[in-house]
Amino acid sequence: MPPRRKAPAADGTLFDVSEYLSTAVCVPRLRAAVQEWREGGYAGTTATTRLLLRHWFQTEHRLPSGRMFSYHAAQRGALEALIYTWEVAGVRTRLELLERFAIKELLVGQPLPRDDGLPRLALKMATGSGKTKVMSLAVAWQYFNAVREQPQVAQAYARSFLVLAPNVIVLERLAQDFAGGRIFEADPVIPPALEAFWDMDVILRGDGGSAHSSSAGTLYLTNIQQLYPGPEAAPPNPLEAMLGSRPPASLTPSIPFTERIAARGLPVMVLNDEAHHTHDEGSAWNGVIRELAGQVPLSLQLDVTATPRFQKGGLFPWVIYDYPLKQAIVDAIVKRPVKGITRAAEVQSDVASVRYQAFLTAGVNRWREYRDALAPFGKKPALFVMMNTTAEADDVAEWLQVKYPAEFGGDGTLVIHTDKQGEVSKKDLEAARRASRQIDEDGSPTSAVVSVMMLREGWDVQSVTVVVGLRPYTARANILPEQAIGRGLRLMFRGVGNGYTERVDIIGNRNFMAFVEDLEKLEQLKLEAEDLEGGPPIVIGQIRFVPEKAQYDIALPVLSAALVRKRSIADEVEALDVLAFSHQPLPLKQGSQEALSFTYEGKDILTLETLVSKEYRLEGPQTAGEVISFYAKLIAAEVKLPGQFSVVAPKVRAWFEFRAFGQRADLEDPATIQAMGSNVAAYVCRDLFVRALRALSIEEQQPQVIAEPLRLSSIEAFPWTRPVYQAHKTPWNLAPCGNGFEVEFAKFLDMAHDVQAFGKLHEQFPFSIAYLDGHTSLRYYHPDFVAIAEDGTHWLIETKGAETEEVPFKDRAAQGWCQHASALTGTPWRYLKVPQKAFRSLQPESLADLLALQAGGPILHS
């Protein structure tokens, strides 16, 4: 029985949200399957894909600035869902997806796509969650498999890529990342082990060039209108130049980019940004892709958008991953929307500035609070006002300019004229495009934007802090609730860690706020509400250096790495004794029960604790040479030394022949080949060799002082809304803390008579220590505090609430750093770890009290 429809409100402004309160029909089962696959170590993927996943999501990345970089959990989840669906499950088409993963009960009443036989999947990612980064990783995944795997595998992957934008503004935003391959270099997309394979041209709309490209891979970036025939390529309608019009109903292809792609004759991947525009199966956008698929193999059409919905609101059933706005707000990767509550009412008047004056005044006052709060950081907020008609927009803009000339006079207010279909007037076109590019820049004069229609995508500015909605949003407006506030969600502060929660205030009349309530129902969240008339003013905490407290400044020496990765380990591999590998012999007898299944236990080399216990089923035979070659390449790549294949392969052969099966084995025997090609043999071989070779591939070296010391006083001011302690003996105005125990310990250091100075090392401060974790992977450790004792000893201090398996490795690395720093600088450095439980039990009053406990007790010091 189809779900019942909710009757619209009498004023016609509310959306029927009952049909799409839950996620897409395939997401729940895929989410569970991907989680199990991740926990199982990415089984079923190619060696190239495993290398990429481990590099992207299991390796710590350090930027040239010294700060750390990591892909967000949402970006990881999207990529994993894509790879699992396409590569592991082998699902390419929408029909296959629904047959394998759809919850059938949820399909009742859903608009289902036709079976066109083309590979097509979709990712739903909230505005501001990093869709472009996901697209760059998807490109790299397809490309590296295409150029690195064996031909019978590689032929399914793409080496040509077509990235399509719905309009020029989105195109310009994408070009900032993709032009010249910038995103592939600025982000850690390319693993060092695969740098030699990277050969990618990026060609933008308007770039010249022949139909043939000599590069191994080519990425083409354009807006979809450029692929329409004839006059569509240079549309006279100004909206088509700015935001893109509704795709035409008919298609007669005349497409230079697709001609180039077809001439390459290689599989192509199409990535549709803001892909909600593709909801109409008969649109020319989809027609372009179908036409292209008739000329060259299509590996995948990937739709990426925050709102993959049909016009009536239902989600595309081919969505495989859903990162909703609610989760993005919780994860603080977008601004937190706050409903501004005002007791203002509309005045009965035909003049918009009179009728809505109370709401406009509330918005301006709130904007002023943000302006004053952001001024110390050199940031300028923007006010966004949405009106119902062009005449109302003109009236309100003039009211802002006249009533507040200092803030919004002249170029301080930008009016974007649109009609009910969203058509931008010709005279406003260039100003609108310029503002969309420049409003976040320091020199931009624009502080307010007044428009009839909410710009749906592309206008992704970061500085919007107040949205004032003064128009009804009906189904005829063709705007989804997410789009109503989406333009104000992007973070203004990036790369400052998780210590500050940004906000965007949503203010409006009754009709608009009812629309916002629909968003709450849709996302199953409850937005915060704040009284604009009696609530507290906007205050943004700031951590900054105080020159008057310079006597408490602390300098940390900058040392070269104590651990480096060797370029070659040929001699070490040659000396590797594979006969000494400790493990249970693999089953060998053909046809026996032992040969059909096998339980493997992986134990920690130090504690002998069982880390993994799995039962494997054995599969069909291969030639011994193929198996050994495959394992050797996989091992060399995972150790990040792909050039060592030639020395690893003989060791793998020797292990299989003399040790793997507990007896000497005939590698030409079909039973041996069958056992060598099993899943368990693959796991055990990789595990043993990677553990052994990683330890050999990391080399300790004597650190040197390589730069001027890092001083606490050198940090730039940054926002902070988490706990703080107003300390006296720190060079900053406040000590930024992550939890209550850190506040407690900051107070202890400030009060201790034998502590001269201290600082809380927030992630903004670019200091870290390299260490090897339990899997011999190179990682980075960030101590919590630095302090100077009255005797001149400098201390790195780690406060610890709970011990994890990584802690002993961090302890050793910090102790080693202190020893090297002491020897190189002549200043004594020591390391101290303070467990929360021991600290509260001891209740120390001085640093000496902490050190009174003997080594080996609950407090570690060196």
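Residues numbered from 1 in each chain as written. Predicted model: local features only at pLDDT ≥ 70, side-chain atom pairs only at ≥ 80, totals over all residues. Heavy atoms only, no water.

Considerations on the overall build of the protein
Inference 1: Across its full length, the protein carries 29 helices and 33 strands.
Inference 2: Across the 862 residues of the protein, 56% fall into the buried class.
Inference 3: Residue pairs in contact within the protein that sit at least 24 positions apart in sequence constitute 76% of those at least 6 positions apart.
Inference 4: Summed over all atoms, the accessible surface of the protein reaches about 36,100 Å², with 50% contributed by carbon and sulfur. (Helix = DSSP H or I, 4+ residues; strand = E, 2+ residues; numbered from the N terminus. Buried < 20%, exposed > 50% of the residue type's maximum accessible area, 1.4 Å probe, protein only. Contact = heavy atoms within 4.5 Å. Areas by Shrake-Rupley, 256 points an atom, 1.4 Å probe, with all protein chains shown as cover.)

Some remarks on the pattern of salt bridges
Any two side chains of opposite charge can pair, so long as their charged atoms come close to each other.
Inference 1: Within the structure shown, the criterion is met by 26 salt bridges.
Inference 2: Taking the shortest distance from any N to any O, the salt bridge between Asp 322 and Lys 124 comes out at 3.0 Å. Here the residue Asp 322 occupies a position in strand β9 (residues 319-323), and Lys 124 occupies one in strand β3 (residues 120-125), the gap between them amounting to 198 residues. One exposure class covers both Asp 322 and Lys 124, and it is buried.
Inference 3: One salt bridge in this structure joins Asp 177 and Arg 182, with 3.8 Å as the shortest N-O distance.
Inference 4: The class for Asp 177 is partly exposed, based on a relative accessible area of 21%.
Inference 5: Here the salt bridges share partners, and the residues they tie into one network are Arg 94, Asp 116, Arg 120, Glu 281 and Asp 303. (Salt bridge = Lys/Arg side-chain N within 4 Å of Asp/Glu carboxyl O.)

Some thoughts on the side chain of Asn 272
Inference 1: Tracing the backbone shows Asn 272 in strand β7 (residues 268-273).
Inference 2: Look at Asn 272 and you get buried, because its relative accessible area is 0%.
Inference 3: At a separation of 2.8 Å, a polar atom in the side chain of Asn 272 contacts the side chain of Asp 303.
Inference 4: Residue contacts for Asn 272: discarding those within four places in its chain leaves Leu 164, Thr 278, Trp 285, Ile 289, Gln 301, Leu 302, Asp 303 and Val 304. (Polar contact = N/O pair within 3.5 Å; in protein donor to acceptor, adjacent residues only side chain to side chain.)

Considerations on helix α5 (residues 131-148)
Inference 1: Here α5 is 18 residues long and its end C-alpha atoms lie 26 Å apart, about the 26 Å a rise of 1.5 Å per residue gives.
Inference 2: Along α5, 15 of the 18 residues are buried, which leaves the element largely enclosed by surrounding structure. (Expected span 1.5 Å × (residues − 1).)

A few points about the packing of aromatic side chains
Inference 1: Enumeration over the complete set of coordinates arrives at 39 aromatic pairs.
Inference 2: Residues Phe 758 and Phe 785 carry aromatic rings whose centres are separated by 6.4 Å and whose planes lie at 45° to one another, so their mutual orientation is tilted. Taken together, the residues span a long stretch of sequence, with Phe 758 in strand β27 (residues 755-760) and Phe 785 in strand β30 (residues 785-789) at a distance of 27 residues.
Inference 3: Aromatic ring contacts, followed pair by pair, group Phe 581, Phe 630, Tyr 631, Trp 655, Phe 656, Phe 661 and Phe 689 into a single cluster.
Inference 4: Across from the ring centre of Tyr 404, 5.9 Å away, lies the NZ or CZ of Lys 403, which sits over that ring.
Inference 5: Seen from the ring of Tyr 683, Arg 686 lies directly overhead, with NZ or CZ sitting 5.6 Å from the centre. (Phe/Tyr/Trp six-rings, centres within 6.5 Å; stacked < 30°, edge-to-face > 60°. Lys NZ or Arg CZ within 6 Å of the ring centre and 35° of its normal.)

Observations regarding the environment of Val 170
Inference 1: Among the structural elements, Val 170 can be located in helix α7 (residues 168-178).
Inference 2: Among the residues examined, Val 170 registers a relative accessible area of 0% and is labelled buried.
Inference 3: Sequence spacing of Val 170 and Asn 223 is 53 residues, and the spatial spacing of their C-alpha atoms is 8.0 Å.

Re the packing of helix α22 (residues 624-638) against helix α23 (residues 645-658)
Inference 1: Contact geometry for α22 and α23: axes closest at 8 Å, N-to-C directions at 125°. With respect to α23, the element α22 is oriented oblique. Crossing of α22 over α23 shows right-handed handedness. Listed contacts from α23 to Ile 628, Ser 629, Tyr 631, Ala 632, Lys 633, Ile 635 and Ala 636 of α22 are Phe 645, Val 648, Ala 649, Val 652, Arg 653 and Phe 656.
Inference 2: Residues of the contact of α22 with α23, tallied by class, amount to 10 nonpolar, 1 polar and 2 charged. (Axes fitted to C-alpha atoms, helices over the stretch in contact; angles between N-to-C directions. Parallel < 35°, antiparallel > 145°, perpendicular 65-115°, else oblique. Left-handed = near helix turned anticlockwise from the far one by under 90°. Nonpolar A, V, L, I, M, F, W, Y, C, P; charged D, E, K, R; others polar.)

Quick look at the packing of helix α14 (residues 357-374) against helix α15 (residues 390-403)
Inference 1: Between α14 and α15, the least distance of the axes is 12 Å, while the angle of their chain directions is 55°. Judged by the angle between their axes, α14 and α15 are oblique. α15 is crossed by α14, and the crossing has right-handed handedness. Residues Gln 357, Leu 360, Thr 361 and Val 364 of α14 touch α15, and the partners they reach there are Val 396, Trp 399, Leu 400 and Lys 403.
Inference 2: Class assignment of the residues belonging to the contact of α14 with α15 gives a composition of 5 nonpolar, 2 polar and 1 charged.

Details of unusual backbone geometry
Inference 1: Within the chain, Ala 332 stands out as a residue other than glycine whose phi angle is a positive 60°.
Inference 2: Mapped onto the secondary structure, Ala 332 falls in the loop between α12 (325-330) and β10 (336-341).
Inference 3: Phi is positive for Gln 843, close to 50°, though the residue is something other than glycine.

Details of the sheet that holds β9
The strands making up a sheet associate through hydrogen bonds between their backbones, and the pairing can be parallel or antiparallel.
Inference 1: On the basis of which strands lie adjacent, the open sheet formed by 7 strands has the order β5-β6-β4-β7-β8-β3-β9 and parallel pairing. In this open sheet, the two edge strands, each paired with only one partner strand, are β5 (200-204) and β9. Each strand of the sheet is rotated relative to its neighbour by a mean of 15°, with strand direction disregarded.
Inference 2: When strand β4 (residues 160-165) meets β7, the two strands line up parallel, connected through 5 bridges. By the bridge assignment for β7, Ser 160 is matched with Val 268.
Inference 3: Relative to strand β6 (residues 217-223), α7 is tilted by about 150°, and along the sheet it contacts β4, β5, β6 and β7. (Pairing = 2+ DSSP bridges.)

Looking at the nonpolar core
Inference 1: Counting 102 residues, the largest nonpolar core has Trp 56, Leu 219 and Leu 302 as its most contacted members.
Inference 2: Per element, the largest residue contribution to this core is 10 residues, and it comes from α5.
Inference 3: In this structure Leu 219 touches Val 139, Phe 161, Val 163, Phe 178, Phe 184, Met 200, Asp 201, Val 202 and Ile 203, once residues within four positions along its chain are discounted.
Inference 4: Of all hydrophobic cores here, the second largest spans 34 residues; its members include Ile 569, Phe 581, Val 648 and Cys 685. (Core = buried A, V, L, I, M, F, W, Y, C linked by side-chain atoms within 4.5 Å.)

Focus: the environment of Ala 575
Inference 1: With respect to the helices and strands, Ala 575 occurs in the loop between α20 (570-574) and α21 (593-596).
Inference 2: Expressed as a C-alpha distance, the spacing of Ala 575 and Lys 651, which sit 76 residues apart in the sequence, is 9.7 Å.

Details of the environment of Val 705
Inference 1: With respect to the helices, strands and loops of the structure, Val 705 is situated in strand β23 (residues 705-711).
Inference 2: Classification of Val 705 by relative accessible area gives partly exposed; the value is 43%.
Inference 3: Along the primary structure Val 705 and Ala 821 are separated by 116 residues, whereas in three dimensions their C-alpha atoms are 8.4 Å apart.
Inference 4: Apart from residues lying up to four places away in sequence, Val 705 is in contact with Val 558, Leu 559, Leu 824 and Thr 825.

Looking at the pairing of strand β15 (residues 503-508)
Inference 1: In terms of burial, β15 is largely enclosed, as 6 of its 6 residues are buried.
Inference 2: Burial along β15 is two-sided: Arg 503, Asp 505 and Ile 507 facing one way and Val 504, Ile 506 and Gly 508 facing the other are all buried.
Inference 3: The pairing of β10 with β15 spans 4 bridges and is classified as parallel. In the strand pairing of β15, Arg 336 is matched with Arg 503.
Inference 4: One ladder, built from 4 bridges, connects strand β14 (residues 464-469) with β15; its direction is parallel. Bridging across to β15, Val 468 finds its partner in Ile 507.

Comments concerning a nonpolar patch on the surface
Inference 1: The grouping of Val 347, Val 351 and Val 354 at the surface amounts to a nonpolar patch, some 200 Å² of accessible area in total.
Inference 2: Note on placement: Val 347 falls in the loop between β10 and α13 (352-355). (Patch = residues over 30% accessible without salt bridge, like charges linked within 9 Å, V, L, I, M, F, W, Y side chains within 5 Å.)

Quick word on the confidence of the model for the protein
Inference 1: Confidence in the prediction of the protein, expressed as mean pLDDT, is 81, and 78% of residues score 70 or more.
Inference 2: The secondary-structure element of the protein with the lowest mean pLDDT is α21, recorded at 45, while β30 shows the highest, at 97.
Inference 3: Confidence drops under pLDDT 50 across residues 602-608; counting only partners more than four residues distant or on other chains, this segment forms 10 contacts. (pLDDT = per-residue confidence, 0-100.)

Re the side chain of Arg 50
Inference 1: Locating Arg 50 in the fold gives a position in helix α2 (residues 47-57).
Inference 2: The residues contacting Arg 50, other than those within four sequence positions of it, are Gly 41, Tyr 42, Thr 45, Phe 630 and Leu 634.

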